[in-house]
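Structural overview for review
Letter by letter, the chains look like this.
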Amino acid sequence: MIKNKALLGILFFISSLLSVYSCTPQKESDSGALKTKTARVVGYLSSDNFNKMTSIQFCKLTHLNIAFANPDKNGNIIFTGDIDTLIKYAKSVNPNIVISISLAGGVISEEQASSWSSLIDKPENRPVLIQNILNFVELHQLDGVDVDLEWNAVTVGYSGFILELKKSLVEHKKIITAALPNNSRFENINDAALNAFDFLNIMAYDSTGPWTPNNPGQHSSMSFAKEGINFWHKLQNVPSEKLNLGVPFYGYNFTFSPVTSSTYSQIVEAGKQFADQDEIGKIYYNGRPTISEKVEYAAQNTGGIMIWEIAQDSFDEYSLLDVIHKKYTALKVKTTNLCGN
């Protein structure tokens, strides 16, 4: 979450640009044959944002991934947040929503990384971890597990763990999915493990950010999204219907040092006209026209859209989730079949 001081800096900077920037007209991408008549809309929700659950329109999500749970060194699953209240509320709004627990996360501590490595790299430790994951899923009446181990956390035991976890989940009629980078395949993911996932959430964002402060620019461009889907479909042979195109509900502000993140909601609060732009000075994000263009591309080339993170949306007429929902509806693609879809 962006610091208050940084946000004030953004507001001051934006106010100086009001006379320069104006609304960008809605762009229409080239039409093409739809890949499918149905689509997934997957939203991640961080436990830090459970307090926003009543603002989220779960009728516009087919899947909800609750982030994040991690094991301790003994394989016990640790999660902070009132998950049962969230699940009860989401299901009351959308009885058909598929809810999974997302494991690990892009930023985990050294202690958590060490626990993961010990538990999955040693085959004798996997059964306890997998049973604890299954117990967690059953206790909270979840529909599946999403695995978001990334980079150095994808250790030598990853593929073995995924295959064993898949077996247990299938026996209990649960799904297994993964979040993977836009155009990189970790060397410890073999073909069997890759094929084990019911679908993949491709993180087509973060091409630059706070870790590259001297490389300001768009972190989630349309070309970057296409590059990622082509990578996984054409180079890694993943069926297109198993891919979800990830879109960001946040941006990066390179105006000050250090580089900070801004939610889409914060950007729109600073000026409603910014909902239809992708950049303001050195602030880069995805506005409504680009999200709409990505939905159209996803409808033609993937099985759906994935969102990080749904609580960062603007809960009003400028909502990006609403753009996704209405665009799929306009394309005559079924998602939830609720809220006018």
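As the structure is a computational prediction, the values presented were derived from the model and not from experiment.

With that out of the way, let us pick up the overall build of the protein chain. Scanning the protein chain for helices and strands turns up ten helices and 13 strands. Per-residue burial over the protein chain gives 56% buried out of 341 residues. Accessible surface, the protein chain: about 14800 Å² in total, of which carbon and sulfur atoms supply 51%.

Running from N to C, helix α4 (residues 126-139) and helix α5 (residues 158-171) point in directions that differ by 45°, and their axes come no closer than 10 Å. Classified by the interaxial angle, the pair formed by α4 and α5 is oblique. Where α4 crosses over α5, the two elements pack in a sense that is right-handed. Within the contact between the two elements, α4 uses Arg-126, Leu-129, Ile-130, Ile-133 and Leu-134 and α5 uses Gly-160, Phe-161, Glu-164, Leu-165, Ser-168 and Leu-169.

Below, the discussion takes up the packing of aromatic side chains. Taken as a whole and assessed by the stated rule, the structure comprises twelve aromatic pairs. Ring centres of Phe-50 and Phe-79 lie 6.1 Å apart, and the angle between their planes is 40°; on these two criteria the pair is classed as tilted. You can see Phe-50 sitting in the loop between β1 (40-46) and β2 (63-71) and its partner Phe-79 sitting in the loop between β3 (77-78) and α2 (83-93), a full 29 residues away along the chain. By relative accessible area, which is 16% here, Phe-79 ends up buried.

Evaluated as defined, the whole model comprises one disulfide. Covalent S-S linkage joins Cys-59 and Cys-339, the inter-sulfur distance amounting to 1.8 Å. Around the S-S axis, the bridge from Cys-59 to Cys-339 shows a dihedral of about -100° and counts as left-handed. Residue Cys-59 is located in the loop between β1 and β2, and its partner Cys-339 is located in the segment after α10 (320-330); the two are separated by 280 residues in the primary sequence.

One recurring pattern in soluble globular proteins is that nonpolar side chains are buried together. Formed by 84 residues in total, the largest nonpolar core has its most connected members in Leu-64, Ile-66, Ile-101, Tyr-158, Ile-307, Ile-324 and Tyr-328. The greatest single-element share of this core, amounting to six residues, is contributed by α4. Not counting chain neighbours up to four residues away, the residues in contact with Ile-66 comprise Leu-45, Phe-50, Phe-79, Ile-83, Leu-86, Ile-87, Ile-99, Ser-100, Ile-101, Ser-102 and Leu-142. Core analysis: the second largest hydrophobic core is formed by 13 residues, Tyr-44, Phe-199, Tyr-252 and Tyr-284 among them.

Moving on, we get to the environment of Glu-187. Within the element layout of this structure, Glu-187 appears in the loop between β6 (175-181) and α6 (191-196). Under the relative-accessibility criterion, Glu-187 is labelled exposed at 77%. Taking the C-alpha atoms as reference points, Glu-187 and Val-154, separated by 33 residues in sequence, lie 8.4 Å from one another.

Here we come to the sheet that holds strand β12 (residues 283-284). Spatially, β10-β9-β12-β11 is the arrangement adopted by the four strands of the open sheet, whose pairing is antiparallel. Strand pairing shows two members of the sheet lacking a second neighbour, β10 (260-263) and β11 (279-280), which therefore form its edges. Two strands pair when backbone bridges link them, and strand β9 (residues 250-253) and β10 are joined in this way by four bridges, in the antiparallel orientation. Note that in β10 the partner of Tyr-252 across the bridge is Ser-261.

A few words now on the pairing of β1. With seven of seven residues buried, β1 lies mostly within the body of the structure. Side chains Arg-40, Val-42, Tyr-44 and Ser-46 project from β1 onto one buried face, and the interleaved Val-41, Gly-43 and Leu-45 project onto a second face that is buried too. Inspection of the sheet shows β1 paired to β2 by five bridges, in the parallel sense. Bridge pairing in β2 links Ser-46 to Ala-67.

Another aspect to go through is the pattern of salt bridges. Counted according to the given criterion, the structure contains ten salt bridges. For the salt bridge of Lys-167 with Glu-171, the shortest nitrogen-to-oxygen distance reads 2.9 Å. Of this pair, Lys-167 and Glu-171 both sit in helix α5, four residues apart, which is roughly one turn of that helix. Looking at Glu-171, the relative accessible area reads 52%, which means it is exposed. One salt-bridge network, in which partners are shared between bridges, spans Lys-60, Asp-322 and Lys-326.

Of the residues in the protein chain, 89% have a pLDDT of 70 or more, and the chain-wide mean is 92. Across residues 1-31 the pLDDT falls below 50, and counting only partners more than four positions away or on other chains, this stretch makes 52 contacts in the model.

Cut-off values and rules
- Residues numbered from 1 in each chain as written.
- Predicted model: local features only at pLDDT ≥ 70, side-chain atom pairs only at ≥ 80, totals over all residues.
- Heavy atoms only, no water.
- Helix = DSSP H or I, 4+ residues; strand = E, 2+ residues; numbered from the N terminus.
- Buried < 20%, exposed > 50% of the residue type's maximum accessible area, 1.4 Å probe, protein only.
- Areas by Shrake-Rupley, 256 points an atom, 1.4 Å probe, with all protein chains shown as cover.
- Axes fitted to C-alpha atoms, helices over the stretch in contact; angles between N-to-C directions.
- Parallel < 35°, antiparallel > 145°, perpendicular 65-115°, else oblique.
- Left-handed = near helix turned anticlockwise from the far one by under 90°.
- Contact = heavy atoms within 4.5 Å.
- Phe/Tyr/Trp six-rings, centres within 6.5 Å; stacked < 30°, edge-to-face > 60°.
- Disulfide = S-S within 2.5 Å.
- Core = buried A, V, L, I, M, F, W, Y, C linked by side-chain atoms within 4.5 Å.
- Pairing = 2+ DSSP bridges.
- Salt bridge = Lys/Arg side-chain N within 4 Å of Asp/Glu carboxyl O.
- pLDDT = per-residue confidence, 0-100.

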